[in-house]
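This is what each chain is made of:
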Amino acid sequence: MSNPVLSLQAASLSLDGNAGPVSILDAISLDVHGQETVGLVGPSGSGKSSLLMLMGGLEQATSGKVMALGHDLTTMSEDALARLRRDHFGVVFQSFHLIPTMTAIENVAAPLELAGVADAYDRAEAELRAVGLSERVDHYPSQMSGGEQQRVALARAAAPRPDILLADEPTGNLDSVNGAAIIDLLFGLRERHSATLVMVTHAPDLAARCDRVITLTDGRIATTEAAA
Amino acid sequence: MSLRVAARFAARELRGGLKGFRVFLGCVILGVAAIAAVGTVRESISEGLSQEGARLLGGDAEIELTYRFATDEERAWIDNAAVESSEIVDFRSMATALDEAGEEVRGLTQVKSVDGAYPLVGEVELDPQMPLDAALSGADGLPGAVVHPLLLNRLELDVGDIMRLGTQDFVVMAALQSEPDNVTAGFALGPRTIVATDALANSGLLAPGTLFTTRYRLDLPTGTDLAATQAEAQAALEDSGLRWSDARNGAPGAAEFVDRLGAFLVLVGLSGLAVGGVGISAALRGYLAGKTEVIATLRTLGASQRVIFMTYFLQVGALAVLGILLGLLLGVGLPIALAPVIEARLPVPAVFSAYPRPMAEAALYSVLTVLIFTLWPLARARDVRAAALYRDALNQARAIPAPIFLVWTVVLLLALILAATFFSGTLWLTLWTAGGILGALFMLTLAAFAIRALSAFLRPRMRGRPALGWALAAIGGPGSTAAPVVLSLGLGLSVLAAVGQIDQNLRGAIERDLPDQAPSFFFVDIQKDQMHGFLARMEGDEGVTRIDQAPMLRGIITRINGEPAVDVAGNHWVLEGDRGVTYAAGQPDRETLTEGDWWSEDYTGEPLVSFSAEEGEEMGLKLGDQLTVNILGRDVTARVSSFRAVDFSTAGMGFILVMNEAALAGAPHTFLATVYSDQEAEAAIFNDVTKAYPNVTAVRVRDAIEQFSGLLAGLASATAWGAAITLLTGFLVLIGAAAADQRSRSYEAAILKTLGATRARILAGLTLRAGLLGAAAGSVALAAGVSGAWAVSRFIMETSFEVAWGPAIGVVFGGALISLLAGLGFALGPMSAKPARVLRSAD
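The residue numbers shown here count from 1 along each chain, following its written sequence. Whichever chain is written first is A, and whichever ligand is written first is 1; the rest continue in order. This being a predicted model, a pLDDT of at least 70 is required before a residue's local features are given, and a value of 80 or more before pairs of side-chain atoms are given or counted; all residues contribute to the totals for chains, interfaces and linings. Hydrogens and waters are ignored; side-chain quantities use all the structure's heavy atoms.

A. Broad picture of the overall build of chain A. The helix and strand labels rest on DSSP assignments: H or I over at least four residues marks a helix, E over at least two residues marks a strand, and numbering proceeds from the N terminus. A count of helices and strands for chain A gives 7 helices and 10 strands. For chain A, the residues scored as buried account for 57% of the 228 residues in total. Within chain A, contacts between residues separated by at least 24 positions form 67% of all contacts whose residues are at least 6 apart in sequence. Buried residues are those whose accessible area, probed at 1.4 Å on protein chains only, stays under 20% of the maximum for their type, while exposed residues exceed 50% and partly exposed ones sit between those limits. Contacts between residues were defined by any pair of non-hydrogen atoms, one from each residue, lying within 4.5 Å.

Structure follows, in structure tokens:
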């Protein structure tokens, strides 16, 4: 088997609460391999989103090791992490997190501009076309529906042709029709870019579309199941 | 009923503390404090001038005569009316001394010669300490003089040395530390020397026709009705040309100056309040935006629009009252606490205390401003519907509120202008200021829209430059803070730019342009028999390019067509004091007639006068009018036979009144000469003339210009302080805008970090955004300031105008810098926050 693109070794995360440190993740060890699709499931507060954030270097592990594409995320600076994400990651959130002051195409082009890509806007337009939003390129987030905003977020995540796609409950704020469409697009994009996908979800049917489903309980991995 | 419910809701909401209202409070406090402070200082000085009226005047009352001593009849009236009186003579002269090398050095001095009764009120302080009488009686057979330290220094004199005035030697007995009645002396070109009038008998300085002023100070019996005594004096000594002052207003010039400057500074302070208003409005909008859900919930539960409006109106009211009280405490407390420091710097007395008038003034302005700037946001909150629970309805509320609120806004604005007119006492200045502030606000609002539109237009054209692109997106995109930033920063900078430009232009006109056209010297009090020698000296000097000379008398216009002059021409400046009068046979070379004819050279008929055309028109004079001019205590009535165009702007010789030769030639008089020369020739001319003619006073124009420039600099710096407070309020508003915006910046920074932006790039974007907005505000402010300054220079000062680029560039850079400071201070948080936590808290 190839080297894992993501590897966590006894990674823990605790945050400061009013009554002292609160353990969010407890000694998680996990490998994710290239082009694999992994579903993270579990009850609310089990640590799924935090685990995803650790994988993307958006959160710093309190102890243990987090490796991505051969880089040790726990020893990297904030800026080095940003550059790594720019070149290799795409992230999709439940609340879309588009920049409200930028139009759809500007949001999608932002990571490409950061990477100094010459045809950033042509590529951004192509990505928006791919998610069915060619008519909405110059609209601001506030002028779009939730489903449309999430499609922009998907286009933005896919635009840099990432090696790893992280999706945090991408359909959590959407109705079932829009949700299904987003998931189709997400898996389609993953396929197109041959990317690894790690997705947090509450929906068992979505998780079932992944190669592997990991269930978290109280900050620990409870079970790991391969898809049927 | 609804009011009680609203009051309960308001009280519950205020339980949460002042969070979200700090900028609101800060703006109210600063605005109130600035106006209350200026008002308190102004009132303190007025009170000081009023309490010390008799001391400042040097007696209970004063009769001033120009160019002559009182007649026996006048003396008799004074002696009869007063318990004690004192005679003072005031004139300019040259003081001469020998330096260490035995060379003569000369300096201009303002001489006050006094009798034994001076001072009737107060004390003259001398160093070394001694009674004035003893000092003036002199030593070693020579009369004594007390001299201001500035002149002692200029002439290298010490106590015990000899100095000369005219042809009389004096012993310097002491340095003059202070004179009780100095405030009334007005604008003096030379430092003061005090001598005894008797000692001047052989000085040649008070010969008939020389220029001097006599002041008769009267110590009146206790309980004298000053107004009645004034009327009595004016009736008894009618047409004597006397000017009356009394302790009711001991230093009228100073009081008027302080009043005018105070009124002007309060009006500048109003611009600070307007900036504060922008901040108040922005803070309230931000607060109410966060309350949309609460308002919508209350609406769902059945709260009427009135209850909603009153709930937040009462909160605003409570906070405004708190802000006004704190502002008054600061604005009144600070001048009182700093009283010793301020008094030490003031040339006039002041009684520092908490005066109700300035407090009422500041409070009234603030209440009206708060109402004007909060009405619209409150009206928008009132329009929030229950449906807002499901969408962002506050942002969808109509931009223009219901007509009743528009009517109220206009009513409140008119009330503010009326209040400012009442308190400042000047309708036009108030209207100009109000117009200026409203115009600047309108211009800045338009500019903010334009900047947003331009940013949105440029954004797609800046592809490939992410930091600049984000900055433009933030300025041009939704939720932009361009409007409050440009408005708050722009208004303060506009005032500062206008003050800077006016100051530079006026000083430029005086310092740069005037010396090119102005004469080098004015020589005053040249006797008729000295003129030949004087002219010979000048004509023989190659460095002299032009000499103008004219007989010089001074007179007061007392009547026009037999009516008291003030009844006909009001308070025109020509009537305010004595004016130079000359006579001529032929028409002056450099002046042209605009109306009427010049008299023939040998004309000897009824007295005729040629009047300055511009002033004549302002006073409503026409050909054939009879002017009565009191010269040396005698009335000369002359018919206006022509009007002349007189150019006073070059500081050369120019007379309002020119009479025919026969009308005045018999009156004792001296000559005035202006000499235009190369700068290199000036020293020799000064030495030769003052040495040969000790009675002649030489006024070097360059020195006078320097002194006047110093006075202007003082005025400009007082105004600049006023503008600085406006700018400080603007800075506070900026900080408020930056603080309110911090959450969205953190959010934006977290997303950009997720997408791969480094901290340096994010910081570059934030820096560019703040810098661009600041520079834009500065540029608009510059345009507004330059337009205002141009209007003031062109229409009020009547001087030419050119943009002073130094201060102009300073304003644009200053704007960018202030905006950067406010913006970057709040950028550190977003820079260091972990993206996951920021994004999670935004969910």
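B. The arrangement of the confidence of the model for chain B in detail. Residue and element names in this part refer to chain B. Per-residue confidence from the predictor is given as pLDDT, running between 0 and 100. With 92% of its residues at a pLDDT of 70 or more, chain B shows a mean pLDDT of 82. By mean pLDDT, the top-scoring element of chain B is strand 5 (residues 144–147) (93), and the lowest-scoring one is helix 25 (residues 828–832) (73). Per the prediction output, this complex has pTM 0.67; the corresponding ipTM is 0.79.

C. Focus on the interface of chain A and chain B. Taken together, the contact between chain A and chain B spans 30 residues of the former and 32 residues of the latter. Between chain A and chain B, a total of about 3,100 Å² is buried, with carbon and sulfur atoms accounting for 57% of that surface. For the chain A face of the interface with chain B, the top three residues by lost area are Glu78(A), His97(A) and Leu114(A), together amounting to 21%. Salt-bridge detection follows one rule: a side-chain nitrogen of Lys or Arg within 4 Å of a carboxyl oxygen of Asp or Glu. At the junction of chain A and chain B, the tally comes to 4 salt bridges. In this structure, Glu78(A) engages Lys753(B) in a salt bridge whose closest nitrogen and oxygen atoms are separated by 3.9 Å. Counted as a polar contact is a pair of N or O atoms within 3.5 Å, where, for protein atoms, one must be capable of donating a hydrogen and the other of accepting one, and residues adjacent in sequence contribute only when both atoms are in side chains. At the surface where chain A touches chain B, the tally comes to 9 residue pairs in polar contact (both at pLDDT 80 or more). Among the secondary structure elements, those contributing two or more residues to the side of chain A that touches chain B are helix 1 (48–55), helix 2 (78–88) and helix 3 (104–114) of chain A. Under the scheme applied, nonpolar residues are Ala, Val, Leu, Ile, Met, Phe, Trp, Tyr, Cys and Pro; charged residues are Asp, Glu, Lys and Arg; polar residues are all the others, including Gly. In the side of chain A that touches chain B, the residues fall into 16 nonpolar, 5 polar and 9 charged. Once two parts are brought into contact, the accessible area they lose, counted with a 1.4 Å probe and summed over both, makes up the buried area.

D. Spotlight on the packing of aromatic side chains. Residue and element names in this part refer to chain B. We call Phe, Tyr and Trp rings a pair once their centres come within 6.5 Å, taking the six-membered ring for Trp, and we label the pair stacked below 30 degrees between planes, edge-to-face above 60, and tilted otherwise. Taken as a whole, this structure holds 12 aromatic pairs over all chains when the rule is applied. Here the aromatic rings of Phe21 and Tyr287 are separated by 4.3 Å at their centres, their planes lie at 45°, and the arrangement is tilted. Taken together, the residues Phe21 in the loop between helix 1 (2–14) and helix 2 (22–51) and Tyr287 in helix 8 (residues 252–290) connect sequence positions 266 residues apart. Of the two residues, Phe21 and Tyr287, neither departs from the other in class, the shared state being buried. When the centroid spacing of 5.2 Å and the interplanar angle of 45° are considered together, the rings of Phe69 and Phe212 count as tilted. Of this pair, Phe69 sits in the loop between strand 1 (61–66) and helix 4 (72–81) while Phe212 sits in the loop between strand 8 (192–196) and strand 9 (213–219), placing them 143 residues apart in sequence. With relative accessibility at 31%, the residue Phe69 sits in the partly exposed group.

E. Highlighting the environment of Leu623(B). All names here are of chain B. You can see Leu623 is positioned in the loop between helix 19 (613–619) and strand 17 (626–631). Classification of Leu623 as partly exposed rests on a relative accessible area of 35%. Setting aside its immediate chain neighbours within four residues, Leu623 contacts Glu595, Gly596, Val640, Ser641, Ser642 and Phe643.

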